[in-house]
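Residue strings, one per chain:
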Amino acid sequence: MSEEREAKDLRSRGEEALGELAQAVLENPLVGRAIRGGLEASERAAAAQRNALRAANLATRDDVERLEQRLRSLASRLEALEDALDELVDRLADAAAAAPAQGAPVQAPERPAGGAAAEGAGDRASDG
């Protein structure tokens, strides 16, 4: 038991000493200036990189992230439209099935193979 206590005391003193050392380093104005200088240099380098990429007409990371977010938004909207279209096709099919019982000749619409988006995607692909 005394070995455990000694180890715990030693660890506690070591943590305390390390904390004091870290505090002293952070309070040192020279260290503070060096950290600020490093951060400012990093920001300047990132800005220069963005400007170089734009000058070369290449996408920056921010551009790619914006496009990714836009694509996710569009995919979500497309999925909602597909769901609404599927529901509409189901309702029309139900109405068509009920119509002959009422004496009105109505043909049920055919559901596109592969979902609503597959047909539209094929049309767009052949346009290019």
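Since this is a predicted model, take the numbers as computed values, not measurements. (Residues numbered from 1 in each chain as written. Predicted model: local features only at pLDDT ≥ 70, side-chain atom pairs only at ≥ 80, totals over all residues. Heavy atoms only, no water.)

**Here we look at a nonpolar patch on the surface**
Put simply, the rule reads: Exposure above 30% relative accessible area and the lack of any salt bridge qualify a residue for a patch; like charges then connect within 9 Å, and the nonpolar side chains Val, Leu, Ile, Met, Phe, Trp and Tyr within 5 Å. Only the protein chains shown count as cover for residues, and the accessible areas themselves come from Shrake-Rupley with a 1.4 Å probe. Each reported salt bridge corresponds to a side-chain nitrogen of Lys or Arg within 4 Å of a carboxyl oxygen of Asp or Glu. Think of it this way: any DSSP run of H or I at least four residues long counts as a helix, any run of E at least two long counts as a strand, and we number them from the N terminus.
On the surface, Leu-18, Leu-21 and Val-25 cluster together into a nonpolar patch covering about 290 Å² of accessible area. Counting through the fold element by element, Val-25 comes out in helix 1 (residues 2–27).

**Focus on the confidence of the model for the protein**
To keep it simple, the criterion reads: One number per residue, pLDDT, summarises how confident the predictor is, and it ranges from 0 to 100. Only heavy atoms matter for contacts: two residues are in contact if any of them lie within 4.5 Å across the pair.
Confidence in the prediction for the protein averages 83 pLDDT; 77% of positions are at 70 or higher. Contacts from residues 121–128, a stretch scored under 50 in pLDDT, to residues over four places away or in other chains number zero contacts.

**Here we look at unusual backbone geometry**
Our working rule: Note on exposure labels: buried denotes an accessible area under 20% of the residue type's maximum, exposed denotes more than 50%, and partly exposed covers the range between, all computed with a 1.4 Å probe on protein chains only.
Although it is not a glycine, Asn-57 adopts a positive phi angle of roughly 60 degrees. Mapping Asn-57 onto the fold places it in the loop between helix 2 (29–55) and helix 3 (61–102). Here Asn-57 falls in the exposed class, since its relative accessible area comes to 70%.

**Remarks on the side chain of Asp-63**
Mapped onto the elements, Asp-63 comes out in helix 3. What makes Asp-63 buried here is its relative accessible area of 16%. If near-sequence neighbours (up to four positions away) are discounted, Asp-63 is found in contact with Arg-54 and Leu-58.

**Let's talk about the pattern of salt bridges**
Here the structure, examined in full by the defined rule, presents three salt bridges. In this structure, the salt-bridge partner of Arg-54 is Asp-63, at a minimum N-O distance of 3.9 Å. Residue Arg-54 is classed as partly exposed on the basis of its relative accessible area, which comes to 44%. Here Asp-63 ties to Arg-66 by a salt bridge, and the two come within 2.5 Å at their closest N and O atoms. Linking Asp-63 with Arg-66, this pair stays in helix 3, spanning three residues, or about one helical turn. Shared partners join several salt bridges into a network, and the residues in it are Arg-54, Asp-63 and Arg-66.

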